[in-house]
Amino acid sequence: QVQLVESGGGLVQAGGSLSLSCAASGIISSIADMGWYRPAPGNQRELVAVITSTGITNYADSVKGRFTISRDNAKNSVYLQMNSLKPEDTAVYYCKAIVQKLRDSSWYQHWGQGTQVTVSS
């Protein structure tokens, strides 16, 4: 199976920085988009940032200019550098990857368990 493991959350003061990491492991043939999400009203998860396998990125308006997403395809990993953090950034951040498994042509969505980011004012 495929597992996504996040790390790097924590507590930081407003204006500070944190870096999140997410590594995918398992029977992986290829990974398409990788991204970071956080809870939104209505039991949904809102996009924070996403990056394609070729490095094209997209960000939520609320984090543009403050957060940077990157990935290392050789390590099946995605990263989120968060600068100028605000109290409203406080959330559990979830990693998501669209994965093609070995000997399976289908693509599957996988989520990590989440990592807590808390920004104090």
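What counts, and at which threshold
Residues numbered from 1 in each chain as written. Predicted model: local features only at pLDDT ≥ 70, side-chain atom pairs only at ≥ 80, totals over all residues. Heavy atoms only, no water. Pairing = 2+ DSSP bridges. Helix = DSSP H or I, 4+ residues; strand = E, 2+ residues; numbered from the N terminus. Axes fitted to C-alpha atoms, helices over the stretch in contact; angles between N-to-C directions. Disulfide = S-S within 2.5 Å. Buried < 20%, exposed > 50% of the residue type's maximum accessible area, 1.4 Å probe, protein only. Contact = heavy atoms within 4.5 Å. Phe/Tyr/Trp six-rings, centres within 6.5 Å; stacked < 30°, edge-to-face > 60°.

Participant: Help me out: how do you make sense of the sheet that holds strand β3 (residues 18-26) in this one?
Facilitator: Working definition: the strands of a sheet are paired by backbone hydrogen bonds and lie parallel or antiparallel to each other. Judged by pairing direction, the sheet is antiparallel, and its four strands sit side by side in the order β1-β3-β8-β7 without closing on themselves. The open sheet terminates on both sides in strands that have one partner only, identified here as β1 (2-7) and β7 (67-72). Each adjacent strand pair in this sheet contributes to an overall mean axis angle of 15 degrees, direction not counted. By the bridge criterion, six bridges tie β3 to strand β8 (residues 77-82) in an arrangement that is antiparallel. In the strand pairing of β8, C22 is matched with V78.

Participant: What should I look at first to understand the state of the cysteines in this one?
Facilitator: A covalent bond between the sulfur atoms of two cysteines is referred to as a disulfide. Considering all chains together, one arrives at one disulfide under this definition. Each sulfur in the disulfide pair C22 and C95 lies 2.1 Å from the other. Since a negative S-S torsion denotes a left-handed disulfide, the C22-C95 link at about -80 degrees is left-handed. Of the two residues, C22 sits in strand β3 while C95 sits in strand β9 (residues 91-101), which places them 73 residues apart along the sequence.

Participant: Looking at this model, I keep getting lost on the environment of S19. Mind explaining?
Facilitator: Looking at the secondary structure, you find S19 in strand β3. Exposure remark for S19: the relative accessible area of 38% places this residue in the partly exposed category. Put simply, S19 and M82 are 63 residues apart on the chain and 5.9 Å apart in space, counted from C-alpha to C-alpha. Residues within four places of S19 in sequence aside, it is in contact with S7, G8, L80 and Q81.

Participant: What should I look at first to understand the packing of aromatic side chains in this one?
Facilitator: To describe a pair of aromatic rings, one takes the distance between the centres and the angle between the planes. For the structure shown, the criterion picks out one aromatic pair. Taken together, a centroid distance of 5.2 Å and an interplanar angle of 70 degrees make the contact between Y37 and W111 edge-to-face. Here Y37 is found in strand β4 (residues 28-40), whereas its partner W111 is found in strand β10 (residues 107-111), with 74 residues between them in sequence. Residue W111 is classed as partly exposed on the basis of its relative accessible area, which comes to 32%.

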